[in-house]
Amino acid sequence: MADGNTSVSFSSPVTGNTTGDDKLSWYDFHTRIGLVGGYKEATVPGEGFRCDSASYVGSQGCVFDSVTEVWNLTMDNSVKETSAHIWKAQTYPSLTLPLSSDGSAKSIPGSPASGRPLSRVKSSDPIYGRNRGAAQRACRRYWGGNYSANNTYQCDEYPFASTYQGGSNGPNSFSVQVVTADDNTTAGNRLGGFYKDQRIIDSDPFYVQVVDASGNPITYAPDPPAPPQHPSFGGDMNGDGNSDLVAVDSSGLLWLYPGKGDGTLGSRVEIGTGGWKQAIVSHRGDWTGDGKEDLVAYFPSTKLAWVYPGDGTGHLGTRIALNTDAATASWFHYDFLGIGDLTGDGYPDVVDNQYLNGNSILGLGRGDPSHPAHLVSPEVNIGSGFDLFTLAAPGNADNAARVDLLARNVVTGVLYMYYGTTASKFASPTVYGTAGWSLANRPLIASGNDADSDGVQDLWATDASGKLLFYKGSQDSAGHPVDGPSTAVGSGGWGNMTNIS
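Below is a summary of the structure that appears in this document.

Rules behind the numbers
- Residues numbered from 1 in each chain as written.
- Predicted model: local features only at pLDDT ≥ 70, side-chain atom pairs only at ≥ 80, totals over all residues.
- Heavy atoms only, no water.
- Helix = DSSP H or I, 4+ residues; strand = E, 2+ residues; numbered from the N terminus.
- Buried < 20%, exposed > 50% of the residue type's maximum accessible area, 1.4 Å probe, protein only.
- 1 Å grid on protein atoms, 1.4 Å probe; cavity = no way out; pocket = protein on both sides within 12 Å on 5 of 7 lines; lining within 4 Å.
- Points joined across faces, edges and corners; volume = space filled by probe spheres on them.
- Nonpolar A, V, L, I, M, F, W, Y, C, P; charged D, E, K, R; others polar.
- Disulfide = S-S within 2.5 Å.
- Pairing = 2+ DSSP bridges.
- Contact = heavy atoms within 4.5 Å.
- Axes fitted to C-alpha atoms, helices over the stretch in contact; angles between N-to-C directions.
- Lys, Arg positive; Asp, Glu negative; His and termini not counted.
- Salt bridge = Lys/Arg side-chain N within 4 Å of Asp/Glu carboxyl O.
- Expected span 1.5 Å × (residues − 1).
- Arc of directions from axis to C-beta.
- Parallel < 35°, antiparallel > 145°, perpendicular 65-115°, else oblique.
- Phe/Tyr/Trp six-rings, centres within 6.5 Å; stacked < 30°, edge-to-face > 60°.
- Lys NZ or Arg CZ within 6 Å of the ring centre and 35° of its normal.

## Brief notes about the environment of Ser124
Part 1 of the argument: With respect to the secondary-structure elements, Ser124 resides in the loop between strand E6 (118-119) and helix H2 (126-143).
Part 2 of the argument: A relative accessible area of 56% means that Ser124 is categorised as exposed.
Part 3 of the argument: Separated by 38 residues in sequence, Ser124 and Ser162 have C-alpha atoms that sit 9.8 Å apart.

So this is what it looks like as structure tokens:
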């Protein structure tokens, strides 16, 4: 090359795409070498490069596009949670959330060992939005609507929303984990830097690998992480991530009204063909250990309670006796509520409002870890003076230590929130709502958990004219949940219902 007889030029055999988001052109290496007696020329096909000025990547650049890049995410303290989540999803996918939809093993792509690369999708593509929506619904389902309160935590998904392999492909091929916002943001910035440096544009394949400070792939010995415990599903019976409403009518039929994620309800589905007359129903938690929300029902006529296993699509399986303890069964219950996990052991519990020996007692029935769909006997007395109250289960309304309790004074019409404590009891009540919650004004009430997906506790209630109202939750000056404005979401016929949950 020193004598000037060798030169290298670049030629583009394809006219570049000068419009659209990517603005691409491709080039081959063409070499012309001066030898004795003339020049020799050679083009090396398939070993060229690609240039782009894609605005969503940033700046301009060229890459060898025949190479499948690997993003080596270094696990350090600033991205410890996110990188651990990615490693777990790649290594032990069946131990991640969401749980498999059909019981089959989960299979999550993206690691070099899998041989199945991810491929980028630009944020303007509707697939990106569908991926984010699927991940956020899963996070709300397992961690409740307030998981992101004050932006302290965020919903991390793998594969990323910015890939065609994201959450919209179904629960068997992706994972979600709630991580701290700073950790998630830092990891997201690093991914964006990788996209920019390597010019990863729409449909480009790449792998993800978690490495240590020396660049070596992370390995853990030898035990896998523990499987997720029974999560709180926030009222979702059909597996779409939204809170649903269950209702019993006066003829003894059981209905499911699927939530749409905005406080309104879809067309109802009959899920109990008869025998539900006067039943008290509730749904909070997985009693059978299969990862799907179940229904708990108490029948005053027989003084027996049952678990009806949910199948994740809104339908119910064969019932299981919740408690056969003769003394407990003989109590007169005038409210019975599957509340979620109050004790913090990962298993759902019930709270019942009972009248025993002339006293009103709030009892706690603890889920039995050694015997799914049963209670530890005896029940525990955790309160008194609830004879004028009806109960509802809001889940973890304050995003704190335990699930909480809503109690409505049927005479005064005041609605109270009792926050759960680590002592498996409820703290002193705070006023939640005063807008006419008397029995005459609002015959039936039910917690919607976060039915409109805004991170705040909501309610459904019937009125005296037979309408169903949705109460959009609000917050007071201290950030505590309170009731908000109501809108009609059911125009009539709700006066025929005897119980809603």
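## What about the layout of surface pockets?
Part 1 of the argument: Considering only enclosed or pocket space, the second largest pocket measures out at about 500 Å³ in volume.
Part 2 of the argument: Lining the second largest pocket are 32 residues; nearest its centre among them are Ile280, Asp335, Thr390, Leu444 and Asn499.
Part 3 of the argument: Of all the secondary structure elements, the ones that give two or more residues to the lining of the second largest pocket are strand E13 (280-282), strand E17 (332-340), strand E21 (389-395), strand E25 (445-449) and strand E31 (497-500).
Part 4 of the argument: The residue inventory of the lining of the second largest pocket, partitioned by class, reads 19 nonpolar, nine polar and four charged.

## A few points about the state of the cysteines
Working definition: the covalent bond between the sulfur atoms of two cysteines is a disulfide.
Part 1 of the argument: Tallied over the entire structure, the rule returns two disulfides.
Part 2 of the argument: Disulfide partner of Cys51: Cys62, at an S-S distance of 2.0 Å. Handedness of the Cys51-Cys62 disulfide follows from its S-S torsion of about 100°: it is right-handed. With a gap of eleven residues between them, Cys51 in strand E3 (residues 38-52) and Cys62 in strand E4 (residues 61-63) connect regions that are remote in the sequence.
Part 3 of the argument: Through a disulfide, Cys139 is tied to Cys155; the S-S separation comes to 2.0 Å. Residues Cys139 and Cys155 are joined through a disulfide that is right-handed, its torsion about the S-S bond being 75°. Taken together, the residues span a long stretch of sequence, with Cys139 in helix H2 and Cys155 in strand E7 (residues 153-158) at a distance of 16 residues.
Part 4 of the argument: When its relative accessible area of 0% is taken as the criterion, Cys139 is described as buried.
Part 5 of the argument: For Cys155, a relative accessible area of 5% gives the class buried.

## Topic: the sheet that holds strand E5 (residues 69-74)
Pairing between sheet strands relies on hydrogen bonds along the backbone, with the strands arranged either parallel or antiparallel.
Part 1 of the argument: Read from one edge of the open sheet, three strands run E5-E9-E6, paired in mixed fashion. Strands with a single pairing partner mark the edges of an open sheet, and in this sheet they are E5 and E6.
Part 2 of the argument: Relative to strand E9 (residues 205-211), E6 is paired through two bridges, and the arrangement is antiparallel. Paired with Leu118 across the bridge in E9 is Phe206.
Part 3 of the argument: Set on the sheet, helix H1 (residues 80-91) makes contact with E5 and E9; between it and E9 the angle comes to about 110°.
Part 4 of the argument: Helix H3 (residues 181-197) rests against E5 and E9 of the sheet, and its axis sits at about 150° to E5.

## Focus: the side chain of Asp286
Part 1 of the argument: Relative to the helices and strands, Asp286 resides in the loop between E13 and strand E14 (295-299).
Part 2 of the argument: Salt bridges are absent for the buried Asp286, whose nearest opposite-charge side chain, Lys292, sits at 8.3 Å.

## Thoughts on H3
Three or four residues apart is the spacing at which side chains of an α-helix point the same way, because the helix has 3.6 residues per turn.
Part 1 of the argument: In this model, H3 (17 residues) spans 24 Å end to end at C-alpha, consistent with the 24 Å of a helix rising 1.5 Å per residue.
Part 2 of the argument: Inspection of H3 places Ala181, Asp183, Asn184, Ala187, Leu191, Phe194 and Tyr195 among the buried residues, and these make up the whole buried set. Buried residues of H3, viewed axially, fall in a sector of 160°; they line one side. Among the exposed residues of H3, those oriented more than 90 degrees off its buried face are Asp182, Asn189 and Asp197.
Part 3 of the argument: Where the residues of H3 are buried, they touch E5, H1, E7, strand E8 (175-180) and E9.
Part 4 of the argument: Arg199 occupies a position one or two residues after H3 and carries a positive phi of about 55°.

## Regarding the packing of H1 against H3
Part 1 of the argument: Between H1 and H3, the least distance of the axes is 7 Å, while the angle of their chain directions is 70°. Judged by the inter-axis angle, H1 sits roughly perpendicular to H3. Residues Lys80, Glu81 and Thr82 of H1 form the contact with H3, whose participating residues are Asp183, Asn184 and Ala187.

## Section: H2
Part 1 of the argument: Between the first and last C-alpha of H2 there are 26 Å, a value that for 18 residues agrees with the 26 Å anticipated at 1.5 Å per step.
Part 2 of the argument: All of the buried residues in H2 are Ile127, Asn131, Gly133, Ala134, Ala135, Ala138, Cys139, Arg140, Arg141 and Tyr142.
Part 3 of the argument: Residues of H2 that are buried sit in contact with E7 and E8.

## Considerations on unusual backbone geometry
Glycine aside, a negative phi is what most residues show, and trans is what most peptide bonds show.
Part 1 of the argument: The omega angle of the peptide bond from Leu97 to Pro98 is 5°, so this bond is cis rather than trans.
Part 2 of the argument: Tracing the chain through its elements places Pro98 in the loop between H1 and E6.
Part 3 of the argument: Although it is not a glycine, Ser203 sits at a positive phi angle of roughly 80°.
Part 4 of the argument: Within the chain, Asn449 stands out as a residue other than glycine whose phi angle is a positive 50°.
Part 5 of the argument: Of note, Asn449 is situated in strand E25.
Part 6 of the argument: A residue is classified by how much of its surface remains accessible, and Asn449, at 10% relative accessible area, is buried.

## Some details on the packing of aromatic side chains
Part 1 of the argument: This structure, assessed with the given rule, holds 16 aromatic pairs.
Part 2 of the argument: Both rings, one in Tyr257 and one in Trp494, keep their centres 4.7 Å apart while their planes meet at 40°; by these two values the pair is tilted. Taken together, the residues Tyr257 in strand E11 (residues 254-257) and Trp494 in the loop between strand E30 (486-490) and E31 connect sequence positions 237 residues apart.
Part 3 of the argument: Judged by its relative accessible area of 9%, Tyr257 falls in the buried class.
Part 4 of the argument: For Trp494, a relative accessible area of 6% gives the class buried.
Part 5 of the argument: Between the aromatic rings of Phe386 and Tyr418, the centroid separation amounts to 5.4 Å while the plane-to-plane angle is 50°, which identifies the pairing as tilted. Separated by 32 residues along the polypeptide, Phe386 in the loop between strand E20 (375-384) and E21 and Tyr418 in strand E23 (residues 415-418) bring together distant segments of the chain. Comparing Phe386 with Tyr418 shows no difference in burial state: the two are buried.
Part 6 of the argument: One aromatic cluster is present, formed by Trp71, Tyr158, Phe160, Phe194, Tyr195 and Phe206 through successive ring pairs.
Part 7 of the argument: Stacked on the ring of Trp255, the Lys or Arg Arg268 has its end atom at 3.5 Å from the ring centre.

Just geometry here; none of it tells us what the structure is for.
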